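Residue-level listing of the chains:
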Amino acid sequence: MRLAVPNKGRLHEPTIDLLERAGLHVENGADRKLYAETVDPDVTLLFVRAADIPEYLADGAADLGITGLDQVRESGHDLADLLDLEFGRCRLVLAVPEDGDVASVEDLAGKTVATEFPTITREFFAETGVDPSIVEVTGATELTPHVEMADAIVDITSTGTTLKVNRLQVIEEVLSSSVRLFAREDVREEPKVREIRTALSSVLSADGKRYLMMNVPEDRLEDVREVIPGLGGPTVMDIADGDGTVAVHAVVSERDVFETITEVKKRGASGILVTEIERLVK
Ligand SMILES: Nc1ncnc2c1ncn2[C@@H]1O[C@H](COP(=O)(O)OP(=O)(O)OP(=O)(O)O)[C@@H](O)[C@H]1O
Ligand SMILES: O=P(O)(O)OC[C@H]1O[C@H](OP(=O)(O)OP(=O)(O)O)[C@H](O)[C@@H]1O
Ligand SMILES: [Mg+2]
C-alpha cells in the first residue's frame, strides 16, 4: 500500500509528525528521498507535492494520500475523503481591493479574476451566472490587482494577514479547507486502509485528553463518580490489600483536569496521577 504525503511546504512536517504519533514510524526518510519505508512492511510513503497528490491517487500510483481538500477539489478527481486531520485549516476566498469599485460577485461581469485555483474558481462562477475571465498564476496572487492584472482574486487565507497587508477584502467564501486522509474509491474498504485510518483517528481522539488515576475509599466512590466528566464511566479496580480503597481511572478533557482534581480530592481521593494519552482507539 502506498501513502502519498507532502514532500515540502507547510504540510510536510505536521503530516510526518502525525504519522509518527500514530505509530507509523518512517524509516530511512532522509532529506531528498522520494519514498520511504515505514515500520509497517505493507506501507510505503511517497513524497510528492501537495498539489500533485490527487493525481497520484487517481492514476493508481498511490492508494492513500494526505493533502488539503482544496487540492483535491482543484484536481477534479473523485476521491474518498476518509478523515479530517484537523490541520492546514484555511479558506479559499474571493477578495477585491478595499478601495476599488467591485463590492459583489455581480460587479465582476466582464472583469478578470486571478487565482492558483482555476477549476474551483470556474465552478464557483458557473453557479453565480457571472462569467469573468480567469487568469492562472502560481503564487503571489495578492499582487495581481495592484498591477492591473486582475480585478479580484480567489486565494487561500487563514490568519488574514496577507490580504490585509495587500489592502484586499473578502467578498465571498468559496471553500473551507483542511488536510484530510484521502483514498481511491476502490481501496477505501481494504483492511489496511481501515487500519491506517483508525491509527490516525486515535491520535486525534487523544488530543486534548488526559488520563487521571487515583485511589478512592470504597464508601466515597459514588461521590467521586459524580464529579468525573469522563469519556464513558470511569474504570474502577480493586487494589490488592487495598483495605477498602479502590483505584479509579478516567479519561478527561485537558481543560477539566484542574477542576476535577480539586473536586475528587474534596471527596477523599488520594495518590492522584495525571498522564498524557498517546492514542485513544474508540
Ligand atoms: N496560510 C495557510 N494556512 C493554512 N493552510 C494553508 C495555508 N496556505 C496553504 N495551506 C494549505 O496547505 C496546502 C499546501 O500549501 P503550501 O503553501 O504549504 O504548499 P505549496 O504551496 O505546495 O508548497 P511549495 O510551493 O513550496 O511546494 C494548501 O493546498 C492548503 O491546503
Ligand atoms: O491569511 P494568511 O495567514 O496571511 O495566509 C495566506 C497566505 O498563505 C499562503 O501563501 P504561502 O505562505 O503558502 O506562500 P506561497 O504563495 O508561496 O505558497 C496563501 O497563498 C496566502 O498568500
Ligand atoms: Mg503555498
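A quick note: this is a predicted structure, and the numbers were derived from the prediction, not measured. (Residues numbered from 1 in each chain as written. Chains lettered and ligands numbered in written order. Predicted model: local features only at pLDDT ≥ 70, side-chain atom pairs only at ≥ 80, totals over all residues. Heavy atoms only, no water.)

## Considering the side chain of Lys209
Looking at the secondary structure, you find Lys209 in strand β13 (residues 209–217). Despite its burial, Lys209 pairs with no opposite charge; the closest candidate is Asp207, at 8.7 Å N-O. From its side chain, Lys209 meets the backbone oxygen of Ser205 in a polar contact 3.0 Å long. (Helix = DSSP H or I, 4+ residues; strand = E, 2+ residues; numbered from the N terminus. Buried < 20%, exposed > 50% of the residue type's maximum accessible area, 1.4 Å probe, protein only. Lys, Arg positive; Asp, Glu negative; His and termini not counted. Salt bridge = Lys/Arg side-chain N within 4 Å of Asp/Glu carboxyl O. Polar contact = N/O pair within 3.5 Å; in protein donor to acceptor, adjacent residues only side chain to side chain.)

## Let's talk about the domain arrangement of the protein chain
By a widespread convention, an interface's size corresponds to the accessible area lost as its parts come together. According to the domain assignment, the protein chain contains domain 1 (2–88 + 178–205), domain 2 (90–177) and domain 3 (208–276). Relative to domain 3, the C-alpha centre of domain 1 lies at a distance of 38 Å. (Domains from an automatic or database assignment.)

## Observations regarding the sheet that holds strand β2 (residues 26–27)
Judged by pairing direction, the sheet is mixed, and its seven strands sit side by side in the order β2-β3-β4-β1-β5-β12-β6 without closing on themselves. Each of the sheet's edge strands pairs with one partner strand only, and the pair in question is β2 and β6 (80–84). Two strands pair when backbone bridges link them, and β6 and strand β12 (residues 179–183) are joined in this way by four bridges, in the antiparallel orientation. Across the sheet, the residue bridging to Leu83 is Leu181, located in β12. Along the sheet face, helix α1 (residues 12–21) touches β1 (2–6), β2, β4 (44–48) and β5 (64–68) and points at about 140° away from the line of β1. (Pairing = 2+ DSSP bridges. Contact = heavy atoms within 4.5 Å. Axes fitted to C-alpha atoms, helices over the stretch in contact; angles between N-to-C directions.)

## Some details on the packing of α1 against helix α6 (residues 191–206)
Where α1 meets α6, the closest approach of the two axes is 9 Å, and the angle between their N-to-C directions is 95°. In this view, α1 runs roughly perpendicular relative to α6, as classed from their interaxial angle. Here α1 contributes Leu18, Leu19 and Arg21 to the contact with α6, which in turn contributes Leu200, Val203 and Leu204. Here the residues of the contact of α1 with α6 sort into five nonpolar, no polar and one charged. (Parallel < 35°, antiparallel > 145°, perpendicular 65-115°, else oblique. Nonpolar A, V, L, I, M, F, W, Y, C, P; charged D, E, K, R; others polar.)

## Regarding the site of ligand 2
Taken together, Arg10, Glu142, Asp155, Ile156, Thr157, Ser158, Thr159, Gly160, Thr161 and Thr162 form the complete shell of residues around ligand 2. At a separation of 2.5 Å, an oxygen atom of ligand 2 approaches a polar side-chain atom of Thr159. One of the backbone N or O atoms of Gly160 is found 2.8 Å from an oxygen atom in ligand 2. Relative to its unbound accessible surface of 500 Å², ligand 2 loses 62% to contact with the protein. If you map ligand 2 onto the pockets, it falls in the largest pocket. (Near = heavy atom within 4 Å. Areas by Shrake-Rupley, 256 points an atom, 1.4 Å probe, with all protein chains shown as cover. 1 Å grid on protein atoms, 1.4 Å probe; cavity = no way out; pocket = protein on both sides within 12 Å on 5 of 7 lines; lining within 4 Å. Sits in = over half its atoms within 2 Å of the grid points.)

## Points about unusual backbone geometry
Within the chain, Glu86 stands out as a residue other than glycine whose phi angle is a positive 65°. Classification of Glu86 as partly exposed rests on a relative accessible area of 49%. Located in the positive-phi region is Ala140, a residue other than glycine, with phi close to 50°. Turning to its location among the elements, Ala140 is positioned in the loop between β9 (133–136) and β10 (152–157). Take Ala140: its relative accessible area is 55%, and that puts it in the exposed class.

## Quick look at the layout of surface pockets
Looking at the largest pocket, its volume works out to about 1000 Å³. Along the walls of the largest pocket sit 37 residues, with Arg10, Gln71, Glu116, Phe117 and Ile156 positioned nearest its centre. Breaking the lining of the largest pocket down by element, the ones donating at least two residues are α2 (53–59), α3 (69–75), β10 and α5 (161–165). Here the lining of the largest pocket takes four residues from α3, the largest share from any one element. Class assignment of the residues belonging to the lining of the largest pocket gives a composition of 10 nonpolar, 16 polar and 11 charged. If you count residues domain by domain, the lining of the largest pocket takes at least three from each of domain 1 (2–88 + 178–205) and domain 2 (90–177). Here the second largest pocket is characterised by a volume of approximately 290 Å³. Around the second largest pocket, the lining is made up of 12 residues, and of these Asn7, Asp31, Arg32, Lys33 and Phe47 lie nearest the centre. (Points joined across faces, edges and corners; volume = space filled by probe spheres on them.)

## Some details on the packing of aromatic side chains
Counted according to the given criterion, the structure contains one aromatic pair. With a centroid separation of 5.1 Å and an interplanar angle of 80°, the aromatic rings of Phe124 and Phe125 are classed as edge-to-face. Each member of the pair Phe124 and Phe125 is classed as buried. (Phe/Tyr/Trp six-rings, centres within 6.5 Å; stacked < 30°, edge-to-face > 60°.)

## Topic: the pairing of strand β14 (residues 235–238)
Here β14 pairs with strand β15 (residues 245–253) via four bridges, running antiparallel. Counterpart to Thr235 in the pairing with β15 is His249. Once β14 ends, the chain turns through six residues before running back antiparallel as β15, passing Asp241 with a positive phi of about 50°.

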